[in-house]
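Chain by chain, the residues:
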Amino acid sequence: SPLKRRVVSCLNLEMDKTPEQIKQICIASIRRKSRNLEKWKFTGLFDDLEKSQKEIILNSNVLEKGESPIAYTFFSRDYWNLLTTRRLIEIRNKTVKFVMGKEIQSHHFGDFKNTKESDRTTIALLKTNGEKMNFEIETGDASMVMIYGIKYLEIGHNEIKHVGN
């Protein structure tokens, strides 16, 4: 039988590593694949987030025990996404939705390259139960944060067929 290629993800590391170690591995990977960090408008690494915005996220009580925040897209105090060591979470007008990494079957990252000259695009994640979930992310160079973060969540639970768009 042909050898199947597997990629180690942050979630696969969870059994041996602490959430903080997983987070640091993911951040290092995102930094390697990202550019022009100073031009990002809404997106960034959680540890670099300004204190008032960090408090909004932490005070929302969306993090579960043993889960660490990695990156964010912060559109407003009432509308933001948080990538963690386990899932992608969205808060919009006090409504919480999330997808666990192990639930992601496939993805479509929309116009992340910004060909329509918009600073946001909708990404679609198909869950293993057939449910489609949409999340909004920043376009351009900043999109790599959420794209690579989501790929880490997804790859840990599914064999890679196509890592592109």
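Residues numbered from 1 in each chain as written. Predicted model: local features only at pLDDT ≥ 70, side-chain atom pairs only at ≥ 80, totals over all residues. Heavy atoms only, no water.

**Student:** Quick rundown of the nonpolar core? Include the residues and the values.
**Tutor:** Buried together is how nonpolar side chains tend to be arranged in soluble globular proteins. If you look at the biggest cluster of nonpolar residues, it comprises 26 residues, and the most contacted ones within it are Ile 70, Leu 83, Leu 88, Val 99, Leu 125, Phe 135 and Ile 150. Listed by contribution, the elements that provide at least two residues to this core are helix H1 (19-33), strand E2 (69-76), strand E7 (120-127), strand E8 (132-138) and helix H3 (143-155). Among the elements that line this core, the one with the most residues is H3, at 6 residues. Sequence-distant contacts of Leu 88, defined by excluding residues within four places in its chain, comprise Asn 81, Leu 82, Leu 83, Lys 97, Phe 98, Val 99, Leu 125, Phe 135, Met 146, Ile 150 and Leu 153. (Core = buried A, V, L, I, M, F, W, Y, C linked by side-chain atoms within 4.5 Å. Buried < 20%, exposed > 50% of the residue type's maximum accessible area, 1.4 Å probe, protein only. Helix = DSSP H or I, 4+ residues; strand = E, 2+ residues; numbered from the N terminus. Contact = heavy atoms within 4.5 Å.)

**Student:** Can you lay out the sheet that holds E7 for me, pointing to particular residues and giving the numbers?
**Tutor:** Judged by pairing direction, the sheet is antiparallel, and its 3 strands sit side by side in the order E6-E7-E8 without closing on themselves. Where the open sheet ends on each side, the last strands, each with one partner, are strand E6 (104-108) and E8. Along the sheet, successive strands turn relative to each other by an average axial angle of 30°, direction set aside. Strand direction decides the pairing type here: E7 and E8, joined by 7 bridges, are antiparallel. (Pairing = 2+ DSSP bridges. Axes fitted to C-alpha atoms, helices over the stretch in contact; angles between N-to-C directions.)

**Student:** Lay out unusual backbone geometry in plain terms, naming residues and giving numbers.
**Tutor:** Positive phi is not limited to glycine here, since Asn 61 has a value of about 60°. With respect to the helices, strands and loops of the structure, Asn 61 is situated in the loop between helix H2 (51-59) and E2.

**Student:** How would you sum up the pairing of strand E3 (residues 79-84)? Please name residues and give values.
**Tutor:** Buried residues dominate E3, accounting for 6 of its 6 residues. For E2 and E3, the ladder comprises 6 bridges, and the chain directions are antiparallel. Residue Ser 76 lies in a different strand from E3, and its bridge partner there is Tyr 79. Remark: 2 residues form the turn of the hairpin made by E2 and E3, two consecutive strands paired antiparallel. Note: E3 against strand E4 (residues 87-92), 5 bridges, orientation antiparallel. The residue of E4 that forms the bridge with Leu 83 is Leu 88. Connecting E3 to the next strand, E4, in antiparallel fashion are 2 residues.

**Student:** Would you mind going over the sheet that holds strand E1 (residues 43-45) in detail, with residue names and values included?
**Tutor:** Spatially, 5 strands are ordered E1-E2-E3-E4-E5 in an open sheet, and the strand pairing comes out antiparallel. Among the strands making up the open sheet, the edge pair consists of E1 and strand E5 (95-100). In this sheet, neighbouring strand axes are inclined to one another by 15° on average, regardless of whether the strands run parallel or antiparallel. Here E4 pairs with E5 via 6 bridges, running antiparallel. Looking at the pairing, Leu 88 lines up with Val 99 of E5. Sheet strands in contact with H1 are E1 and E2, and its direction is about 60° off that of E2. Its contacts with the sheet put H2 on E2 and E3, and the angle it makes with E2 is roughly 105°.

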